[in-house]
Amino acid sequence: MTKRSATTSTYSRRDTLRMVAIGGAAGLFAPNLLGKPAYARTSSAKPTGRVIVGLGQEPTVFNPLMVHIEVDDGVHFSVFDALFRIDPQGVIQPNLAVEVPNQKNGGISEDGLKWRIRLRDDVRWHDGKPFSAEDVKFTLELITNPNFRSWRTSGHSLVRDITVVSPTEISWRMEEAFAPYLSFLTETFIVPKHILEKEANPNTAAFNQAPVGTGAFKWGKRVAGDHLELVANTEYFGEGPHIERLVFKYIPDLTVLYTQFKSGDIDLVGQPYITPDHYGEAKTLPNRVVTLVPRASFESFYLNLERPQFKELAVREALYAAIDKEAIIQGLYYGVPTPTETFMPRQSFFFNANLPLHQFDLNRARKILDQAGWAPGGDGIRTKNGVRLSFTNSTTSGDPLREQVQQFLQQTFAQLGVEMKISNLPAAVMWGEFWMQSQFDSVIVGSSYLIGADPDVTNRIHSRSIGVKGGRGSNNAQYANPEVDALLDKGARTFDPEARRAIYSRVQELVRRDLPFLPLYQSNAVEGLKKGINGFVPNGNTRTESWNALAWYWAS
Amino acid sequence: MSAFLLNRLSQSIVLLVIVSIIGFTVLNFMPGGPLAQFGLDPGMTQKDVERLAAQLGLNRPLWIQYLDWAWRLIRGDWGHSFRDGSAVLSVIGRHLLATLLLMGTSTAFAIAVGAWIGIRGATHRYSLFDYCATVGAMVALSVPTFWFGLIGIYIFTLKLGWVPAGNMYTIGDGSVLDYLHHLILPSLVLSLVHVAVWSRYMRTATLDALSQDFVKTARAKGVSERRILLKHVVGNALLPMITLAGMQLPSILTGALVTETVFTWPGMGRLFLDSLGYSDYPMVMGLLIFSAILVVLGNLIADIVIATVDPRIRLG
């Protein structure tokens, strides 16, 4: 009996081992069965070398018009072109268009309603077909197709009567004047009509997994869960590309991402970049270039103004005065971010540099609350008209730096007689209904307010944008100021940059005064790359470090 | 035996249905959902989110969503990932190969080394080797794999430069040697815990076999200790290990989440974590059902093996 069962069992074990061996061998050899990869081929073309960009999230959406996250942008900027491109100074430059339309050159009518775009005549899709105005028309119509899972529809939904004047000219009418649209178009990549028009369902088209663009890089291959490779488009109409292959490598753990940068496995650290706690060490690494790059993302102590505790300006002012911003930035964030008083990037043409500067002053904070009638109750917590100055604060759980900020603020606020309870949530919960439907008391959040470099913040600050009140946008603080609303409406209709600067400066003043959120700092990305990579230019007006990979090259 | 098998199979199907209902309900009741990741995008409006929810069918009653999913599953359509639109089964297939490679190597290593340590510990009970093996196993079981991984990378990659910091292969290489080179550190780290488990089980099983009458008889007959060990003890001690290996089958295939994360290994564990992070319902449900099938299969195999060995089980 024992012998028989032992024999049976031994056979099973061998069988299992054999299965494992077959699986292992398949794993080893399978990738090479499909033929030599692109990099192994010899090419007489100019582009040489390869750059591996390490990313903390995996790019998965390759149709640039479909809903996606920022990490996908690096692929979109490389494979596709938009009508315009935005440079690091925030100036819109022509890309597929030959010029940027404005009211002076007649590209945009005086009332801002008629747009005419002239296109390049030397652009070809990666499959060799010529690019034309038909592709632009198809793209703009696809975005507003109700059955298509499109990304942002703001601005595009105002477009009417698209007319292909000629293969190199297109015009349309806007339902209402909307100046930010030019900026939105810098993030609207044009897709090929001749491929997608044949698809019954564009949401599931094969194109979405192997896109064809006009960009400087062609689609190579994707190894799901690991990396994707793009190869140089040697027929590109513009300058570049100079590298033969661009690789986006997915490394989910930030410590591991940094370690692989240290060990040389990746050439460039992309989103979410090097964490602030590694900044000091990263700067000292040999043969690496590590720099702080301003981003258009802002960290703030964000309030729900419909909560009775926060309705009164005095409370918001007192809380702001009680935040030791400098201690947080220097002590917890290793001096990486830059303090700010607004939601506008310091580098923007529209940045208001004359806003009152925050000063940490606990005595002033106490005085403000005393004068407003918030008196300490029996438990030491201030109260007014039956409302206790007590609230919860939430942020993404698992973010140790933000959790330290919370604990630091909790202690400071307690000295004022303000109770702050911490209640953190996973990201997938935090930024869902809890955030969009204003279910929070207060949150610590890092977010952008702008799309591209346009100063329009209607979606985040206009009272029409309060989601929980049926609004269209994400004004989750529920901030409502009629003067701000009027200014934002006017700003969206104004095309003259100087006039817009005055408008958005005033908006910043009002928001700084009203404090719907307490601004903490503007983020700086700790970007790192290997010495020898040239042509890398950071651009805070885009969401990706790889916006100009076509200009990168290795020093010989 | 066929009645026994039918009985077990029908139980398994009921179990799978229950698992799927619980999994689907829990997943869909978690606040947030697959569109939460767009909450911070300045261009995404509440209306955009609602439009996408309708397009993905997320605005339908939960029971209709479940029935729709289950009906498709029965017809062999495991659905498409919300993230990239890929077919769930093909994504699982792509990640399965990577996991099989890593887990297969580490399990083979763990069984070989663990068995050797266990047998040697039992035959040299209370020796220095035995004490070291006991302490070593306790350390391996107590220290998180994540820490082992990072220490391994620090020493063997950053300090000594012997092995890569992670990844399954060097992009642009992909030779067999390159794969093996990348396999060394993660499979060793991963096998540490399994070596500890196997060595402890093997030590106990060997001691048990050593105390059996047939060993005493063999000794009385003057058979050499080496021969007793190889011919009588090891074979019998390995028997319960085979059941253990059968039960471990699901864990071999569902991956090693932590190790795959530390070593940037594109396997099943990381896929599961990523899919949960994105609330990619079709993917999470696919992985859940896949794992459940493996658990059921693993148990079924173990049951069959035991029933073959001991017919009384079939009657019970």
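Look above for the structure.
Residues numbered from 1 in each chain as written. Chains lettered and ligands numbered in written order. Predicted model: local features only at pLDDT ≥ 70, side-chain atom pairs only at ≥ 80, totals over all residues. Heavy atoms only, no water.

*Asks:* Honestly, the overall build of chain B in this entry has me stumped. Any pointers?
*Replies:* Secondary structure assignment for chain B yields 13 helices and zero strands. From first element to last, N terminus to C terminus, chain B shows the α and β order α-α-α-α-α-α-α-α-α-α-α-α-α. With the C-alpha coordinates aligned to their principal axes, the bounding extent of chain B is approximately 85 × 60 × 35 Å. In chain B, which comprises 316 residues, the proportion classed as buried is 47%. Intrachain contacts of chain B at a sequence separation of at least 6 include 72% that bridge at least 24 residues. For chain B, the computed accessible surface area is about 14,800 Å², with 70% contributed by carbon and sulfur atoms. Where the 22 positive side-chain charges of chain B centre and where its 17 negative ones centre are 12 Å apart. (Helix = DSSP H or I, 4+ residues; strand = E, 2+ residues; numbered from the N terminus. Buried < 20%, exposed > 50% of the residue type's maximum accessible area, 1.4 Å probe, protein only. Contact = heavy atoms within 4.5 Å. Areas by Shrake-Rupley, 256 points an atom, 1.4 Å probe, with all protein chains shown as cover. Lys, Arg positive; Asp, Glu negative; His and termini not counted. Charge placed at Lys NZ, Arg CZ, Asp CG, Glu CD.)

*Asks:* Which parts of the structure should I look at to understand a nonpolar patch on the surface?
*Replies:* Residues and elements named next belong to chain B. Together, Trp147, Ile151, Tyr154, Ile155, Phe156, Leu160 and Trp162 make up an exposed nonpolar region whose accessible area comes to about 690 Å². Secondary-structure assignment places Trp162 in the loop between α6 (145–159) and α7 (176–210). For Trp162, a relative accessible area of 56% corresponds to the exposed category. (Patch = residues over 30% accessible without salt bridge, like charges linked within 9 Å, V, L, I, M, F, W, Y side chains within 5 Å. Salt bridge = Lys/Arg side-chain N within 4 Å of Asp/Glu carboxyl O.)

*Asks:* Sorry if this is basic, but what is going on with the sheet that holds strand β13 (residues 375–376) of chain A here?
*Replies:* Residue and element names in this part refer to chain A. Spatially, the three strands line up as an open sheet ordered β13-β14-β15, and their pairing is antiparallel. Two strands close off the open sheet at either side, each with one partner strand: β13 and β15 (387–388). The sheet contact formed by strand β14 (residues 382–384) and β15 spans two bridges and is antiparallel. Looking across to β15, one finds that Thr383 is bridged to Arg388. (Pairing = 2+ DSSP bridges.)

*Asks:* Sorry, what's going on with the sheet that holds strand β6 (residues 169–174) of chain A here?
*Replies:* For sheets, the rule is that strands pair by backbone hydrogen bonds, running either parallel or antiparallel. Residues and elements named next belong to chain A. What the three strands build is an open sheet, ordered β4-β6-β5; its pairing is antiparallel. Sheet topology places β4 (114–118) and β5 (159–166) at the edges, where each strand pairs with a single neighbour. In this sheet, adjacent strand axes meet at a mean angle of 20 degrees when their direction is disregarded. Pairing of β4 with β6, which is carried by five bridges, proceeds in the antiparallel orientation. Looking at β6, one finds that Ile117 is bridged to Ile170. Its contacts with the sheet place helix α3 (residues 133–143) against β5 and β6, and it is angled at close to 170 degrees to β5. (Axes fitted to C-alpha atoms, helices over the stretch in contact; angles between N-to-C directions.)

*Asks:* I keep staring at the interface of chain A and chain B and nothing clicks. Help me out?
*Replies:* The accessible area lost on association of the parts is a frequent measure of interface size. In this complex, chain A contributes 82 residues to the contact, which on the side of chain B involves 62 residues. Interface area for chain A against chain B, summed over the two sides, is near 6,000 Å², with a carbon-plus-sulfur share of 59%. Counting across the interface, chain A meets chain B through four salt bridges. Between Asp41 of chain B and Arg152 of chain A there is a salt bridge, with its nearest N and O atoms 2.8 Å apart. Here chain A and chain B share 19 residue pairs in polar contact (both at pLDDT 80 or more) between them. For the side of chain A that touches chain B, the element with the most residues is helix α1 (residues 2–33) of chain A, which contributes 17 residues. (Buried area = accessible area lost by both parts, 1.4 Å probe. Polar contact = N/O pair within 3.5 Å; in protein donor to acceptor, adjacent residues only side chain to side chain.)

*Asks:* Sorry if this is basic, but what is going on with the pairing of β6 of chain A here?
*Replies:* Residue and element names in this part refer to chain A. Buried residues dominate β6, accounting for five of its six residues. In terms of strand pairing, β5 meets β6 through five bridges, oriented antiparallel. Paired with Arg160 across the two strands is Arg173, which belongs to β6. With antiparallel pairing between neighbouring strands as the criterion, β5 and β6 make up a hairpin whose turn holds two residues.

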